[in-house]
Amino acid sequence: MSAPGNWGRWGSEDERGAANLLSSERVLAATGAVASGRVISLGEPLDKTTAATIGRPSLSHYMVRDGGDYAAGGRALGRSRYADDVIGLSTHTGTHVDALVHVWYGEQIYNGHSQAGVRSGGASRCGVEKLGPLVGRGLLLDVAAYVGEPYLPAERAIDAEMLEGVRRRAGVSIESGDIVLIRTGWLGGAGDSYLRGEPGVDFSGAAWLAANDVALVGADNYAVEVLGEHAVDGFPVHELLLRDHGIPLMENVVLDALAQQRPGPFLFVANPLPLRGATASPLAPVAIL
């Protein structure tokens, strides 16, 4: 177990964690990173083929009103015809943000709130609706480019030394409240092996991110941290960042197009769905260059 890093920093009742660092002053400062106004989508397209991890249902999508209804003699409203549909998905499908209640150890979630508040109807504390809009200065740490490979192999750990090396080569400094995106190349390159382990951040890399006081961490894999047959049991990176430091995690972030721009700092914008008591929310984040 590690010492809770941000517990009490924003008060005993806090449920937003490091997202509190995304103050209006920092948001205003982050707009200074916009030079061209080009907007790059970082969200994964969603359909029935979107990868779902074991224990989570695949996305379902069906129409409740479509053109076939009118072909069969359905009544129009005046001359208006319309289509309507329904989706069903795990909140951890595709590009999404993990709420601070998602992973913990012991009997306490972030900031010392009790696990007893996590019930079948949702979480009374630290649900995804508590995060609010996620807007700030974004930084891309392109680890795949750093090692000279299109993508890292499964179970390749990204440690603190490697992250620091990527930062130095990129010529950027990490400021308190930054939103750090880590590119492994896994989402674009792994293909059918995507859910069979993954490269990702190890405990030392997570500790490095926490020590740099970041507001949010995202990666182009399905769990941010290194996973596989030889990885540590459980989710130590989730424990350290979500539970101990209150740093939300974004997973399945699409980073290849952004990496092609070789960007410096940029404006990052995302807004979770305000799903009360949910452990995560789908996201459609963007980088504004």
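Our subject is the structure listed above.
Cut-offs applied
- Residues numbered from 1 in each chain as written.
- Predicted model: local features only at pLDDT ≥ 70, side-chain atom pairs only at ≥ 80, totals over all residues.
- Heavy atoms only, no water.
- Helix = DSSP H or I, 4+ residues; strand = E, 2+ residues; numbered from the N terminus.
- Buried < 20%, exposed > 50% of the residue type's maximum accessible area, 1.4 Å probe, protein only.
- Salt bridge = Lys/Arg side-chain N within 4 Å of Asp/Glu carboxyl O.
- Contact = heavy atoms within 4.5 Å.
- Phe/Tyr/Trp six-rings, centres within 6.5 Å; stacked < 30°, edge-to-face > 60°.
- Lys NZ or Arg CZ within 6 Å of the ring centre and 35° of its normal.
- Pairing = 2+ DSSP bridges.
- Axes fitted to C-alpha atoms, helices over the stretch in contact; angles between N-to-C directions.
- Core = buried A, V, L, I, M, F, W, Y, C linked by side-chain atoms within 4.5 Å.
- Parallel < 35°, antiparallel > 145°, perpendicular 65-115°, else oblique.
- Left-handed = near helix turned anticlockwise from the far one by under 90°.

Details of unusual backbone geometry
In step 1: Even without being glycine, Asn 252 reaches a positive phi, approximately 60°.
In step 2: Residue placement: Asn 252 occurs in the loop between strand S12 (249-251) and helix H8 (256-260).
In step 3: The exposure class of Asn 252 is buried, given its relative accessible area of 5%.
In step 4: Although it is not a glycine, Arg 262 sits at a positive phi angle of roughly 45°.
In step 5: Looking at the element boundaries, Arg 262 is found in the loop between H8 and strand S13 (266-270).

What about the pattern of salt bridges?
In step 1: Summed over the entire model, instances satisfying the criterion amount to twelve salt bridges.
In step 2: The salt bridge partner of Glu 164 is Arg 168, with a shortest N-O separation of 3.0 Å. Of this pair, Glu 164 and Arg 168 are both found in helix H4 (residues 160-170), four residues apart, which corresponds to roughly one turn of the helix.

Examining helix H7 (residues 236-244)
In step 1: Summarising burial for H7: eight of the nine residues are buried, a large majority.
In step 2: All of the buried residues along H7 are Pro 236, Val 237, His 238, Leu 240, Leu 241, Leu 242, Arg 243 and Asp 244.
In step 3: Looking at the buried side of H7, the elements it contacts are strand S4 (96-98), strand S10 (200-201), helix H6 (203-211), strand S11 (216-219) and S12.
In step 4: Positive backbone phi, at 65°, marks Gly 246, one or two positions downstream of H7.

Regarding the packing of aromatic side chains
Any aromatic ring pair is given by two values, namely how distant the centres are and how the planes are angled relative to each other.
In step 1: This model, assessed by the stated rule, comprises two aromatic pairs.
In step 2: Ring geometry for Tyr 194 and Tyr 222: centres 5.7 Å apart, planes at 65°, overall edge-to-face. Of this pair, Tyr 194 sits in the loop between helix H5 (186-189) and S10 while Tyr 222 is found in the loop between S11 and H7, placing the two residues 28 residues apart along the sequence. Per residue, the accessibility class of Tyr 194 equals that of Tyr 222, and both read buried.
In step 3: Over the ring of Tyr 105 we find Arg 243, and its NZ or CZ is 3.9 Å from the ring centre.

Description of the sheet that holds strand S1 (residues 39-41)
In step 1: With mixed pairing, the nine strands of this open sheet are ordered in space as S1-S15-S13-S7-S9-S11-S12-S4-S14. Among the strands making up the open sheet, the edge pair consists of S1 and strand S14 (280-282). Mean inter-strand twist for the sheet, computed between neighbouring axes without regard to direction, equals 25°.
In step 2: Examined bridge by bridge, strand S7 (residues 134-142) and S13 share five bridges and lie antiparallel to one another.

Some words on the nonpolar core
Generally speaking, soluble globular proteins have nonpolar side chains that are buried together.
In step 1: The biggest cluster of nonpolar side chains holds 62 residues, and the ones touching the most others in it are Leu 42, Leu 181, Ile 182, Val 217, Met 250, Leu 258 and Phe 268.
In step 2: Ignoring any residue separated from it by four or fewer positions in sequence, one finds Phe 268 in contact with Leu 42, Leu 134, Val 135, Gly 136, Gly 138, Ile 179, Leu 181, Leu 216, Met 250, Pro 285 and Val 286.
In step 3: Counting six residues, the second-largest nonpolar core is a separate cluster that includes Trp 186, Tyr 194, Ala 223 and Leu 227.

Quick look at the packing of H6 against H7
In step 1: As a packed pair, H6 and H7 sit with axes 9 Å apart at the nearest point and diverge in direction by 15°. Taken together, H6 and H7 sit at an angle that is classed as roughly parallel. Relative to H7, H6 is oriented so that their crossing is right-handed. For the pair H6 and H7, contact is made by Phe 203, Ala 206, Ala 207 and Ala 210 and by Pro 236, Val 237, Leu 240 and Leu 241, respectively.

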